[in-house]
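Inside the fold
Take a look at the letters that make up each chain.
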Amino acid sequence: MRALVVYESMFGSTRQLAEAIAEGLGATVEVHVERAAHSDQNSLRDVDLLVVGAPTHGHSMPRASTRKGGPDYVLKIRHDLVLEEDAVGSPGVREWLDSLSHASGLGAGFDTRVGGPSILTGRASRGISRLMTRIGITVVVPPESFLVDSFSKLVPGEVERARAWGTRVALQAARIDAEMHQRSA
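Quick summary incoming for the structure in this document. (Residues numbered from 1 in each chain as written. Predicted model: local features only at pLDDT ≥ 70, side-chain atom pairs only at ≥ 80, totals over all residues. Heavy atoms only, no water.)

**Looking at the overall build of the protein chain**
Regarding its fold elements, the protein chain presents seven helices and six strands. In sequence order, the protein chain lays out its α and β elements as β-α-β-β-α-α-α-β-α-α-β-β-α. Dimensions along the principal axes, computed over C-alpha positions, put the protein chain at roughly 60 × 35 × 30 Å. By the burial criterion, 50% of the 185 residues in the protein chain qualify as buried. When the 21 positive and 22 negative side-chain charges of the protein chain are each reduced to one mean point, those points stand 6 Å apart. (Helix = DSSP H or I, 4+ residues; strand = E, 2+ residues; numbered from the N terminus. Buried < 20%, exposed > 50% of the residue type's maximum accessible area, 1.4 Å probe, protein only. Lys, Arg positive; Asp, Glu negative; His and termini not counted. Charge placed at Lys NZ, Arg CZ, Asp CG, Glu CD.)

So this is what it looks like as structure tokens:
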């Protein structure tokens, strides 16, 4: 099984989690990690499992308008943060998923968000999973959120939790893939 992790990150937390998830997936599958800004339909060639993640902005996936606030956040609020490459001017996960007319295979969605009830914080992972399903991907696990503090830094333990989640996603995908092959045989 081949997996692709596509992510969008403003300050590095979602990238760190994408890499940790890939490590967890990599225990049982071949995996590649790409920024959404560098990915296209060709990236899905020969991919059996697609894992997509983004930070939560405005209760959902980032938009061009919410990304524009990144530099101001760094200047006015958190001088020690550094914007990721392509964080502001490039398309992100929302645009990448919208650009896919059809895809097949298995998938999972994750996000980063501040702690608290999701009704108050929102969850980008729900929208990611909905878009994946809309284009034909079978989502194998419920959307997952990983927590950052109010300064966009990962809460302790989240990298390890992401690695373990990646392992669970790979195992669940393998089970579902085997069931699908049994039914078609």
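Let us keep going from here.
**Here's the deal with the nonpolar core**
Counting residues in each nonpolar core, the largest one holds 26 residues, and the members touching the most others are I21, L25, L49, V51, F110, W165 and V169. At the level of secondary structure, the elements contributing two or more residues to this core comprise strand 1 (2-7), helix 1 (13-25), strand 3 (49-55), strand 4 (106-114), strand 6 (144-148) and helix 7 (158-184). (Core = buried A, V, L, I, M, F, W, Y, C linked by side-chain atoms within 4.5 Å.)

**Looking at the environment of P142**
Within the fold, P142 resides in the loop between strand 5 (138-139) and strand 6. Separated by 32 residues in the primary sequence, P142 and F110 have C-alpha atoms spaced 9.0 Å apart.

**As for the packing of helix 1 against helix 7**
Contact geometry of helix 1 with helix 7 gives a least axis separation of 7 Å together with a crossing angle of 45°. Classified by the interaxial angle, the pair formed by helix 1 and helix 7 is oblique. Our pair here, helix 1 against helix 7, has a crossing hand that is right-handed. Judged by residue contacts, L17, A20, I21, E23, G24 and L25 of helix 1 engage E158, V159, A162, R163, W165, G166, T167, V169 and A170 from helix 7. (Axes fitted to C-alpha atoms, helices over the stretch in contact; angles between N-to-C directions. Parallel < 35°, antiparallel > 145°, perpendicular 65-115°, else oblique. Left-handed = near helix turned anticlockwise from the far one by under 90°. Contact = heavy atoms within 4.5 Å.)

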